Amino acid sequence: MKPKKEDFVKTDLLFTPASSAQTELLTVFAVDNSTSKEKDAKPEVSLLTSDEAVKKAAGYVLSSGEFRAEANETLLLHAPEGLAATRLLIIGLGKAAKADIHAIRRAAGAAVRFAKPRGLRSLAILAPEGNFDPAQSTRAITEGAILADFDSDTYRTDRKDRSIELLAILVPAANDKSSAEAGHREGVIIAEAQNFARTLINEPGNRMTPTILGQRAAEMAAEYGLKSEVYSTDKLRELKMGAFLVVAQGSEEPPALIVLTYEPPETTSVAPVIGLVGKGITFDTGGISIKPADNMEKMKYDMAGGAAMIGAMRAIAQLKPAVKVVAIVCAAENMPSGKAVKPGDIAFAMSGKSIEVLNTDAEGRMVLADGLHYARELGATRLIDAATLTGAVAIALGQINAGVFANDEDAYQHFTTALGISGEKFWRLPVEDEYREQIRSSIADIQNTGLTRYGGAINAAMFLKEFVADTPWLHLDIAGLAWQDAEKPWLAKGPTGVAVRSIIEWVRSYS
Ligand code: BES
Ligand code: ZN
Ligand code: ZN
């Protein structure tokens, strides 16, 4: 039942005219050109194609004004006249002024999720003509389609294989062929990396222990030519990773310190070394400060930050940026037991700092403290971590934006550039020195929770900041977005793989 690479839908580029595409569902994008703000104003819908046969087939129904081309709105026509396809799906991108590649990524996904439950096995999506860069639009369609094909019901024994078998992206003659090919290649690499992270996150705690996560990372590394090392308790003791160790000590499952290294074919002497650090708590019960039973099952996704880093490395190995990248995933299971760390216990982090463990449920920052320090020891000169770190970040930002914290403006600028490409939403929160008193301990250097319950996501970030010294660093708190309880038109419910695309682009921005 192990999800394999082959589980990701295969996509092909086709350069034939849309009207002759033999498919069960030909999809074409539409925008609303009207500038009127009135809700009842007649929409001015136009299709993003110059294919006369497609325009003709859709002309009558579009003139009815019933279809408004709102984002991800669908209109299905059976047996469209003059087309080889058996169905024509028109899908909206919203107002023309807002129809960007991110709208295209989602709409391509919505087309796939329209086709899947209807039992359709072949689908062709017509790339837009006109204002869109052919590499970018082809990439966006590819990403959206592959991401949308993922479903999380892996262990349903009556699960029919509902994957799309033939997914073609039709490239109009007006679009540059080699640009489209390059965009397609990138889209496949990036979306598969994100889906790979999602398959890891989706696994329950009994099937995704720290050891298994280490094995999956090592298998992936061997397949794509990355160096991998997976260490356990002995090595953690040798490295004096006391913060990481106290989290792991309550469990029968040994921890895993996963280190993946990408060496670029070429680099420059000024290029930084990038360190990716991920929280890999394969199950978070809270430990002795145990969590309530309601929703505890969700805590299998507490390794989503670690999975994001493993997924990002899968793409980096193929995209080959001219910069060295080291990824560290700190994997452990947070359990209560007779051996578990107790509130009030003191741990010494690898950096030498003493930590008072006030709440054993604030375990993510403990393992990351040692992971961040170790990344610097391995030579990282730019750091990024990703973690489902706090419930508080979801209280602050809801489930629309994830949190980003930065101690360096340049690193943050690189990240905003990355967001422009990935289309993911992150909102910056502060890590200013005034907050530091929240984590001052009366017995040790720092404590692992804030003095008050205000600003919980910031307190956690301030804790991490203690371990990065003056290295430019970004912290991504993805607790609110790593899992979605309801499906979106373009994405199944379950693990989202948030942050994978942005991390990849952030790394590439240094290349
Ligand atoms: N893994 C949780 C954070 C979390 C909450 C992730 C909800 C995903 C969804 C983390 O380890 C945790 O328990 N944090 C505590 C910190 C507190 C004890 C200071 C929290 O957020 O309540
Ligand atoms: Zn916790
Ligand atoms: Zn946790």
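Residue positions are given per chain, counted from 1 along the sequence in the order it is written. Starting at A for chains and at 1 for ligands, labels are handed out in the order in which the entities are written. Given that this is a predicted model, residues contribute local features only at a pLDDT of at least 70 and side-chain atom pairs are listed and counted only at 80 or more, while totals for whole chains, interfaces and linings are drawn from all residues. By convention in this description, side-chain values take in all heavy atoms of the structure and omit both hydrogens and water.

Asker: Looking at this model, I keep getting lost on the layout of surface pockets. Mind explaining?
Answerer: A water-sized probe rolled over the atoms picks out the places where empty space is left. Space inside and on the surface of the protein is sampled on a 1 Å grid over the protein atoms alone, with a cavity defined as a set of points where a 1.4 Å probe fits but cannot get out and a pocket as an open set with protein on both sides within 12 Å along at least 5 of 7 lines; lining residues have an atom within 4 Å of a point. Grid points are joined across faces, edges and corners, and a volume is the space filled by probe spheres set on the points. In this model, the largest pocket occupies a volume close to 930 Å³. Looking at the largest pocket, it is lined by 43 residues, and the ones nearest its centre are Lys-291, Leu-389, Thr-390, Gly-391 and Ala-392. Elements represented by at least two residues in the lining of the largest pocket include exactly strand E10 (273–284), helix H9 (364–377), helix H10 (391–397), helix H12 (456–465) and strand E19 (483–484). Counting from the N terminus, the helices are DSSP H or I runs at least four residues long and the strands are E runs at least two residues long. Per-element tally for the lining of the largest pocket: the top contributor is H10, with 5 residues. Looking at the lining of the largest pocket residue by residue, the classes come out as 16 nonpolar, 16 polar and 11 charged. Each residue gets one of three labels, nonpolar for Ala, Val, Leu, Ile, Met, Phe, Trp, Tyr, Cys and Pro, charged for Asp, Glu, Lys and Arg, and polar for the others, Gly among them.

Asker: Honestly, the coordination of the zinc ion (ligand 3) in this entry has me stumped. Any pointers?
Answerer: Reference geometry at the metal: tetrahedral coordination by four donors gives ideal angles of 109.5 degrees; octahedral coordination by six donors gives 90 or 180 degrees. Looking at the zinc ion (ligand 3), one finds its protein donor set to be Lys-279 (NZ), Asp-284 (OD), Asp-302 (OD) and Glu-363 (OE), positioned 2.0 to 2.4 Å from the metal centre. Within one chain, the residues serving as donors to the zinc ion (ligand 3) are arranged as K-x4-D-x17-D-x60-E. Coordination shells were defined by N, O and S atoms within 2.8 Å of each metal, extended to 3.2 Å for Na, K and Ca; water is absent from the atom set, which can make sites look incomplete. Here the zinc ion (ligand 3) and the zinc ion (ligand 2) are spaced 3.2 Å apart, and both take Asp-284 as a donor. Highlighted residues: Asp-284 in strand E10 and Asp-302 in the loop between E10 and helix H8 (304–319), separated in sequence by 18 residues. Owing to a relative accessible area of 3%, Asp-284 belongs among the buried residues under this scheme. Throughout, exposure labels follow a simple rule: accessible area from a 1.4 Å probe, protein chains only, divided by the maximum for the residue type, with under 20% read as buried, over 50% as exposed, and the rest as partly exposed. Owing to a relative accessible area of 2%, Asp-302 belongs among the buried residues under this scheme.

Asker: Help me understand the packing of H9 against H12 in this model?
Answerer: Geometry of a packed helix pair, given as the angle between the helix axes and the separation of the axes. Put simply, H9 and H12 touch, their axes get as near as 9 Å, and they point 30° apart. Classed by the angle they form, the pair H9 and H12 counts as roughly parallel. Classified by chirality, the crossing of H12 by H9 is right-handed. Across the interface between the two elements, Arg-365, Met-366, Leu-368, Ala-369 and Leu-372 of H9 pack against Asn-459, Ala-460, Phe-463 and Leu-464 of H12. Here an angle of 0 to 180 degrees is reported between the N-to-C directions of two axes, which are lines fitted to C-alpha atoms, with helices fitted over the stretch in contact. When describing relative orientation, an angle under 35 degrees is termed roughly parallel and one over 145 degrees roughly antiparallel, while 65 to 115 degrees is termed roughly perpendicular and anything else oblique. Crossings are sorted by hand: turned counterclockwise from the far helix by less than a right angle, the near helix makes the crossing left-handed, and turned clockwise it makes it right-handed. By the convention used here, residues are in contact when the closest approach between their heavy atoms is within 4.5 Å.

Asker: What am I meant to see in the packing of aromatic side chains here?
Answerer: The description of an aromatic ring pair rests on the distance of the ring centres and on the angle between the ring planes. In this analysis, rings of Phe, Tyr and Trp, with Trp reduced to its six-membered ring, are considered paired at centre separations within 6.5 Å, and the interplanar angle assigns stacked below 30 degrees, edge-to-face beyond 60, and tilted for intermediate values. Counted by the stated rule, this structure contains 4 aromatic pairs. Plain terms: the ring middles of Phe-415 and Phe-426 are 5.3 Å apart, the flat faces sit at 85° to each other, and that makes the pair edge-to-face. One end of the pair, Phe-415, is in helix H11 (residues 409–422); the other, Phe-426, is in strand E16 (residues 426–428), with 11 residues separating them in the sequence. As far as burial versus exposure is concerned, Phe-415 and Phe-426 are alike and both buried. Here the basic side chain of Arg-118 rests over the ring of Phe-114, its NZ or CZ set 3.6 Å away from the ring centre. A positively charged side chain is recorded as over a ring if its NZ (Lys) or CZ (Arg) lies within 6 Å of the ring centre. The angle to the ring normal must also be within 35 degrees. Here the basic side chain of Arg-428 rests over the ring of Tyr-412, its NZ or CZ set 4.3 Å away from the ring centre.

Asker: Is there a simple way to explain a nonpolar patch on the surface in this structure?
Answerer: On the surface, Ile-346, Phe-348 and Ile-443 cluster together into a nonpolar patch covering about 320 Å² of accessible area. Take Ile-443: it is sitting in the loop between E16 and strand E17 (446–447). Its relative accessible area of 60% is what places Ile-443 among the exposed residues. By definition, no residue in a patch forms a salt bridge, and every one has over 30% relative accessible area; like charges are joined within 9 Å, nonpolar side chains (Val, Leu, Ile, Met, Phe, Trp, Tyr) within 5 Å. The protein chains shown are the only cover counted for residues, whose accessible areas, like all others here, come from Shrake-Rupley with a 1.4 Å probe. Definition used for salt bridges: Asp or Glu carboxyl oxygen within 4 Å of a side-chain nitrogen of Lys or Arg.

Asker: Honestly, the site of ligand 1 in this entry has me stumped. Any pointers?
Answerer: Neighbouring residues are identified by heavy atoms, a residue being near a molecule or strand if any of them is within 4 Å of it. Looking at ligand 1, there are 16 residues lining it, with Lys-291, Asp-302, Asp-361, Glu-363 and Gly-391 nearest. Taking Asp-284, its side chain carries an N or O atom lying 2.9 Å from an oxygen atom of ligand 1. Here a polar contact is taken to be a pair of N or O atoms separated by no more than 3.5 Å, where protein atoms must pair a possible hydrogen donor with a possible acceptor and residues adjacent in sequence count only if both atoms sit in side chains. A distance of 2.8 Å separates an oxygen atom of ligand 1 from a polar atom in the side chain of Lys-291. For ligand 1, the protein covers 76% of the area, taking 520 Å² as the surface of the free molecule.

Asker: So what exactly am I meant to see when it comes to the coordination of the zinc ion (ligand 2) here?
Answerer: Coordination sphere of the zinc ion (ligand 2), protein contribution only: Asp-284 (OD), Asp-361 (O), Asp-361 (OD) and Glu-363 (OE), at 2.0 to 2.2 Å. In the primary structure, the donors to the zinc ion (ligand 2) are separated according to the pattern D-x76-D-x1-E.

Asker: Please clarify how the side chain of Thr-209 should be interpreted in this entry.
Answerer: Following the sequence through the fold, Thr-209 ends up in the loop between helix H4 (177–202) and helix H5 (210–224). Its relative accessible area of 6% is what places Thr-209 among the buried residues. Contact partners of Thr-209, with chain neighbours within four places excluded, come to Glu-253 and Thr-282.

Asker: What exactly am I supposed to notice about the sheet that holds E17 here?
Answerer: A sheet is described by the order of its strands in space; here 3 strands give the open sequence E12-E13-E17, paired in mixed fashion. Of all strands in the sheet, those bounded by a partner on one side alone are strand E12 (346–348) and E17. Both strand E13 (residues 354–356) and E17 contribute to a ladder of 2 bridges, which runs parallel. In the strand pairing of E17, Glu-356 is matched with Gln-447. Pairing between strands requires that DSSP locate at least two bridges from one strand to the other.

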